[in-house]
Every structure is written in C-alpha cells, then in structure tokens.
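If you want the building blocks of each chain, they are given just below.
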Amino acid sequence: MENGDQEPPRKRFKTLSTGNIEQERAQFELSMTDFTEILSWLPVESLLRFKSVCKEWCSLIETEYFIQKHMSQVTPISLKDNKFQSIKARSFSILYVSDGLLLEKDFAHQNYRLRNPATHQVIYLPNPCLDGILHRGFEFDFNPSTGEGRLVCECLEMDMSRFLAVDKGLKLLNVGRDRSWKFLRRPMWEGKGQVEVVRAYDVDPMRDGEIHFVRIICSENQLSLDVLSFDVRREYIAINTLPKGVFSDFSKGVFPFWWDNRLAVADIIEEGLHVMVLEKYRNQCRWSWSRNKTVIPLRFLGGNIYQKEELVPLEATKKELWFRYGRDLKVCYDMKIEKITQTIALKTNHALEYRPSLRTLRGMRPEHFKERRRIIKREKMDVDQLQQLLGGL
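Identification of the chain as F-box domain containing protein from Trema orientale is taken from an unreviewed UniProt entry.

Right, here's the structure in full:
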C-alpha cells in the first residue's frame, strides 16, 4: 500500500445472541389472522399457485371460511364486461350465477354444465327436461358441512283449460353424485276443494338450503295464504297455511321477505309494519308460523316525505329494516331509534355480476378435459385404423 493511502475502515457487524435473534424474528412474524387477511385480497390465479407452497397454505386456502372471505372482498365482474368475454364459452349461454359458479346451457345440443371461470373447472350435468316436464328458474345451495352442492328448479304443468302454467313440484340434483334429476311432487291442498292461485310470489334467493313459494289462493270464494316450503338438504317439501284472521285483506297482496334469514310475510297498516314469521324447528323438517304478530312502528310515515304505497320491505336483521322506495331508492330504517339512517340509489342496470371464487365441487375437472378426451379418443381411432392398413399390406 502506497504512502498516504489509508485502509478504509472495516464494517463491523453486530453479533447477536440467540435470544436477540429470536426477538428480531418475532417482530417480523405475522399472525395467522393478518396472514389470512393478506391472502384474501389476492386474485384467484395467485392463490391457486400459492397452494403448492406448503401444506399449511393449501389447507388454509381450501377452508370454507377463507373461500367465503375471499369471495366477499373480490371485485365483481359484470357479465357484459369485456374482461369476462374472454373466459365465456361461445356455444353456452348463462342461465344462473351463484357462489362463484355459472350454470350454462348449450341450446343447440341441450347440454347443461356448471363452471367456475376463475379456476377453469367444469362439470357437465344431466338434462332436466328429458321427462318432458317444463321447468323454470334455478337455485343453487352449497352445504359447507358436507361440501356438496345441489341445484333446484321449479317444475310446471300446463293447464290448457285456462292456458296457465301450474306449479307441479321441484326437481333436485346433487351435483357430482346424481346421474339424473330427482322429482319431488308438491303436496296437494287438503280439504280445500277446487283451488285457484290468485297471486304467486317467488322469494329469492335461497337461504340455508331453504326455498319458499308464497301463494294467495281462492277456495270456496275465500282467500288464504299458503307457503310451499322446501328443505333442499333434507329433501323435504311441505305446505304451510297462514292462520285465519292475521291479515284481514289479501286482495291487495302481501310482502314476502327475509326476516333474520327466516321467511316472513308482512302488510303495512296505517303507520306500522305487521309481520308474521315462518319459523323452523331445530333439526326437524317442520315449519310453523310465529304465535304472535310483530308490529314495527314506522314513524317516518307521519310526515309528507314518504308514502306507504311506495314502500316494499326487502330484508330485516335484528336492528335494521330495509325497504325499496319506488323504483330508484333503497331505504334503511333503524328499528331501535325508529329513524331512517341510510338512503341508497338502486342500480338502473340489472346485469348479472360474477364474483371470482375458489369454489369447487365433486366431479369438477379442468375446463377442456372433455374436449381433450374426445381428441385423444379420435387420435387413438386413427392409430388403430392406420395399424390395420399397415397390417393388410
């Protein structure tokens, strides 16, 4: 080293004891709650790759809690969006959207399938119309305790004397397990003679495996309200009639809606909402109406801002009661303080929205598996034919 040149000072590294290393490592470790929160904001494509990192990550991503949390936070995609068009099949049309899955139908070949565009998985379904019975509408239920998914559609029968479609029952399919749809016939109205359906209400969507159809019927010149209740998971169907005298006039109709995840029917009388709730016995396939009618005072009807003729109850929780007001507004009424707390403008565009999810069902396979299997089968036939030709030479 030449004179005048000084050796640069050496960088000294701090030596840490084992205890200090553990303390510093603990500062950078994430709790499982924070780690789950971070993962839940990632797209489906990234999560599918992260499942291969280790068993712990794979187990976490496949839990029902994580799937629901991720689906609630993901940005929905409009089915008319160009981003969705790239993953939409050309020959299939979308019939129903639920739980991150698309029910699609190929009208040219009468094929049905259930598809998850985010994971590129698909399962082909049997045709529900093979027996000639008309059907309309689909509902999907996923049971987290068993991991099974079920599809339900309403069966119709044409009454040619009145040119009307009369509900006949329901069809049920256990996805990935049943090879054909199971038909459940609607119970007959007993002791009511000739029955005519005056008004029909469909309560959407399905909640906890239960689907209900509300009917105002006329028998012997008297109106009554019947609810056709169906437990999808137990495959049970029943009719529940509202007790007489609860509502004095059915001619103007009623309002069916969900009251704390239970079906309810209501009517607005003067400045109060009169509600009857259809309750289900625990661990039993039985429903019964609540013993007493609940009356919710609607104080805001006393002014000149809101008119009761424009109010339609949508859903109620333990504290909040949501109404649709007119065609453009959604109103939240706080039942404890008896005041309106929110007013939201309803979307004018009612296009279906799809939420990418990690949902998978028994029997689902990669989206192009069926096409690939046809190609392999065709190629195998070509090889066999070639071998036969070579053998004949």
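A. Quick look at the sheet that holds strand β3 (residues 101-106). In space, the five strands of this open sheet follow the order β2-β3-β4-β5-β24, with antiparallel pairing throughout. Every other strand in the sheet has two partners, leaving β2 (93-98) and β24 (365-366) as the edge strands with one partner each.

B. Broad picture of the packing of helix α2 (residues 32-40) against helix α5 (residues 64-73). Close contact between α2 and α5 brings their axes to 9 Å; oriented N to C, the two are set at 50°. Between α2 and α5, the crossing angle belongs to the class labelled oblique. The element α2 and its partner α5 pack so that their crossing is right-handed. Within the contact between the two elements, α2 uses Thr36, Glu37, Leu39 and Ser40 and α5 uses Tyr65, Phe66, Lys69, His70 and Gln73. Classifying every residue of the contact of α2 with α5 gives three nonpolar, four polar and two charged.

C. Summary view of the confidence of the model for the chain. In the predicted model, the chain carries a mean pLDDT of 80, and the fraction of residues at 70 or more is 76%. Long-range and interchain partners of residues 82-88, a stretch whose pLDDT sits below 50, account for 14 contacts in this model, where long-range means more than four residues apart.

D. View of the pattern of salt bridges. In the structure shown here, the tally under the stated rule is 21 salt bridges. Salt-bridge contacts for Glu315 lead to Arg207; the nearest nitrogen and oxygen are separated by 3.4 Å. Here the residue Glu315 occupies a position in strand β19 (residues 311-316), and Arg207 occupies one in the loop between β10 (196-202) and β11 (210-219), the gap between them amounting to 108 residues. Among the ionic contacts, a cluster of salt bridges with common partners joins Glu148, Arg150, Arg177, Asp178 and Arg362.

E. Quick peek at unusual backbone geometry. Of note, the phi angle at Asp208 is positive, near 50°, even though the residue is not glycine. By the element assignment, Asp208 lies in the loop between β10 and β11. Positive phi outside glycine occurs at Asn261, with the angle close to 65°. You can see Asn261 is positioned in the loop between β14 (255-259) and β15 (262-269).

F. Examining the nonpolar core more closely. By size, the foremost hydrophobic cluster in this structure holds 21 residues, and its most contacted members are Trp259, Leu273, Leu298 and Leu321. Those elements that place two or more of their residues in this core are β14, β15, β16 (272-280), β19, β20 (320-325) and β21 (329-334). Here Trp259 is in contact with Ala264, Val275, Val277, Ile296, Ala316 and Met335, once residues within four sequence places are set aside. In this structure, Tyr201, Val214, Ala238 and Val254 belong to the second largest nonpolar core, which totals 19 residues.

Parameters at a glance
Residues numbered from 1 in each chain as written. Predicted model: local features only at pLDDT ≥ 70, side-chain atom pairs only at ≥ 80, totals over all residues. Heavy atoms only, no water. Pairing = 2+ DSSP bridges. Helix = DSSP H or I, 4+ residues; strand = E, 2+ residues; numbered from the N terminus. Axes fitted to C-alpha atoms, helices over the stretch in contact; angles between N-to-C directions. Parallel < 35°, antiparallel > 145°, perpendicular 65-115°, else oblique. Left-handed = near helix turned anticlockwise from the far one by under 90°. Contact = heavy atoms within 4.5 Å. Nonpolar A, V, L, I, M, F, W, Y, C, P; charged D, E, K, R; others polar. pLDDT = per-residue confidence, 0-100. Salt bridge = Lys/Arg side-chain N within 4 Å of Asp/Glu carboxyl O. Core = buried A, V, L, I, M, F, W, Y, C linked by side-chain atoms within 4.5 Å. Buried < 20%, exposed > 50% of the residue type's maximum accessible area, 1.4 Å probe, protein only.

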